[in-house]
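Descriptive structure summary
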Amino acid sequence: MFSATTAKLAGRRPSTFYNDIINGLRAENKYLPSKYFYDEAGDKLFQQIMACPEYYPTRCEMEILQYQSGPMAQLFSDPGSPFDLIEMGPGDATKSWYLLRELLATNSRFTYYPIDISSNVIGWLEDRLPASLPGLQFQGLNGEYLEKMEQVDTLSTNRKIVLFMGANIGNMTMQQATLFCRQLHDRMKPGDLLLIGFDLKKDPATILDAYNDRQGITRAFNLNLLKRINREMDADFDPEQFDHYPVYDPGTGACRSYLISRKAQRVHIGREKVIDFREHEPINMEISQKYAMPEIGCMAANAGFEPVQNFYDSRSWFADVLWQRMP
C-alpha cells in the first residue's frame, strides 16, 4: 500500500505516473518513460535546450515552417471544407504558429486542438495564442495523445489533419513508432492527413553533440525527472549521484540518454518501495531515433498511409513528411 504521504502526492497526477515509474525502476534493465520529463521545470529546461547552439532539430524544423507553411496550407485546405487541426505535443507552438498564421491568412475554416500531457503547456497556449493569432478557433486538451484524439472525434465530425512535429516520433523505437502510427491510422478516416517531423541520419558527431550540450542543460533536463519523482512520490533520489551519459549508434540510428549510478545506492519511494542500484548501473531515460528516408517510406506503408509530400530544411537534416490515411 502507499503511505499516506505517497498517496496524497500521487493523487495529484494520473495513477499511471506512479505505476509507470515503479515498473520502470523495477525492470531488469531500468528505464524511466521520457514523457514524464515535462513538468513545469522540465518544460522550462526543454525551452533552454531548444535554444542551445548544439541542438539543431528545432532550428531545422523552424526553417521548414517559416518558409514552407504556404505549400503546406494549400495541401491542407479543401475549399469550403472545414477541418480539425490536431497537434500532439505542441510545446509553445512557436513552429506551428507560422502554419496557423498562414491558414488564417488564407481564410481556412478550421479549429486547432493542441494536445499535451503537460497542463503547463496547455495553460500557456490558452493565455498566449488568442493575442498573437486573433480569430483562431482552438481548444486545448491536456492528456494522452490517443485518448484525446478520440475526444476530438466526439466534439467534431470534420475531417482531421494531425500534426506530430518536433521529432517526437523519435522518442520511440522504430517498432513502437510504426505501431503508434497504426493506432493513429485507426483513429482517422480515409483522406485525413498526418504531418510528422523526422530527424534524419547525418554526421554522428553532430547528432551526439545535440544531446550533450556544453552548458549541461540536457543533463539537468534528465536529472529533473528524479527531482519530480522525489517531489510527487515522496522519494529520496540524490540527483548528484547520477551522471548523464548519451550515446549514438550510427548503424541503427538510435541516440539514447542514460543516467548512470555513480555508486551502489538505495532509493526509497514512499515508505514501502525500495530500489537498489549497483555502481555504474544505468537508467535508460530516452531514445531519439534518427531515420533515413527509405525507412520513413516503409513506416508509412506498414502503418496504412500514403506519402503525399516531403518538406526539408536547406541542409536536409530534418524532414516534415505529409501522409494521407489510406482506406
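To be clear, the structure that these remarks concern was listed above.
Residues numbered from 1 in each chain as written. Predicted model: local features only at pLDDT ≥ 70, side-chain atom pairs only at ≥ 80, totals over all residues. Heavy atoms only, no water.

Comments concerning the overall build of the protein
When you go through the protein residue by residue, the secondary structure sums to eleven helices and twelve strands. A globule of 327 residues ought to have a C-alpha radius of gyration of about 20 Å, and the protein, at 20 Å, matches this closely. Expressed as lengths along the three principal axes of its C-alpha atoms, the size of the protein is roughly 65 × 45 × 35 Å. The buried share of the protein, taken over its 327 residues, is 50%. By sequence separation, contacts in the protein at least 24 residues apart represent 72% of the contacts at least 6 residues apart. As displayed, the protein offers around 14,900 Å² of accessible surface, 49% of which is attributable to carbon and sulfur atoms. (Helix = DSSP H or I, 4+ residues; strand = E, 2+ residues; numbered from the N terminus. Rg over C-alpha atoms; globule rule 2.2 N^0.38 Å. Buried < 20%, exposed > 50% of the residue type's maximum accessible area, 1.4 Å probe, protein only. Contact = heavy atoms within 4.5 Å. Areas by Shrake-Rupley, 256 points an atom, 1.4 Å probe, with all protein chains shown as cover.)

Notes on the pairing of strand β5 (residues 193–199)
Burial of β5 is extensive: seven of the seven residues sit out of reach of the surface. Along β5, one buried face is formed by L193, L195, G197 and D199 and the opposite face, lined by L194, I196 and F198, is buried too. Both strand β4 (residues 159–164) and β5 contribute to a ladder of four bridges, which runs parallel. Along β5, the bridge assignment pairs F164 with I196. For the segment spanning β4, helix α8 (residues 174–186) and β5, crossover handedness is right-handed. (Pairing = 2+ DSSP bridges. Right-handed = clockwise from strand over helix to strand, strands pointing away.)

Examining α8
When the terminal C-alpha atoms of α8 are compared, their 18 Å separation across 13 residues agrees well with the 18 Å that a helix rising 1.5 Å per residue should span. Those residues of α8 lying buried are A177, F180, C181, L184 and H185. Buried residues of α8, viewed axially, fall in a sector of 150 degrees; they line one side. Residues of α8 that are exposed and point over 90 degrees away from its buried face: Q175 and L179. (Expected span 1.5 Å × (residues − 1). Arc of directions from axis to C-beta.)

So, the sheet that holds β4
Strand-to-strand pairing in sheets goes through backbone hydrogen bonds, with the strands running parallel or antiparallel. One open sheet accounts for seven strands, arranged β3-β2-β1-β4-β5-β12-β11; its pairing is mixed. Each edge of the sheet is formed by a strand with only one pairing partner; in this case those strands are β3 (141–142) and β11 (305–312). Bridge count between strand β1 (residues 83–88) and β4: five bridges; the pairing is parallel. Paired with L85 across the bridge in β4 is I161.

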